[in-house]
Amino acid sequence: MFLDLRDQWPPVPPPSPLPETGKPKLNRRGERIIGLIVAINLGLLLLAPIAGTSIIQAIFALLSTMHR
């Protein structure tokens, strides 16, 4: 059925603080690598047979309406 854990008995002691195990922030080289990966993925999106043609058609339709 339903298990209510709001009022546990006996009271649970507060958790002891754990040391932070966060990942270190990226340096300049890491940021450039991530940017390159994103750029490659966007390029592959344009080259993909399904999504790429729809995006190319949308850009072509947008440009053709601007020249009228």
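Further up the page is the structure itself.
Residues numbered from 1 in each chain as written. Predicted model: local features only at pLDDT ≥ 70, side-chain atom pairs only at ≥ 80, totals over all residues. Heavy atoms only, no water.

1. Let's talk about the overall build of the protein chain
Next, step 1: When you go through the protein chain residue by residue, the secondary structure sums to two helices and zero strands.
Next, step 2: Counting all 68 residues of the protein chain, 3% fall into the buried class.
Next, step 3: Summing over all exposed atoms, the protein chain offers an accessible surface of approximately 7300 Å²; the carbon and sulfur share of this is 69%. (Helix = DSSP H or I, 4+ residues; strand = E, 2+ residues; numbered from the N terminus. Buried < 20%, exposed > 50% of the residue type's maximum accessible area, 1.4 Å probe, protein only. Areas by Shrake-Rupley, 256 points an atom, 1.4 Å probe, with all protein chains shown as cover.)

2. Some thoughts on a nonpolar patch on the surface
Next, step 1: Among the surface-exposed residues, L26, I33, I34, I37, V38, L42 and L45 lie close enough to one another that they form a single nonpolar patch of about 610 Å² accessible area.
Next, step 2: With respect to the helices and strands, the residue V38 is situated in helix α1 (residues 28-47). (Patch = residues over 30% accessible without salt bridge, like charges linked within 9 Å, V, L, I, M, F, W, Y side chains within 5 Å. Salt bridge = Lys/Arg side-chain N within 4 Å of Asp/Glu carboxyl O.)

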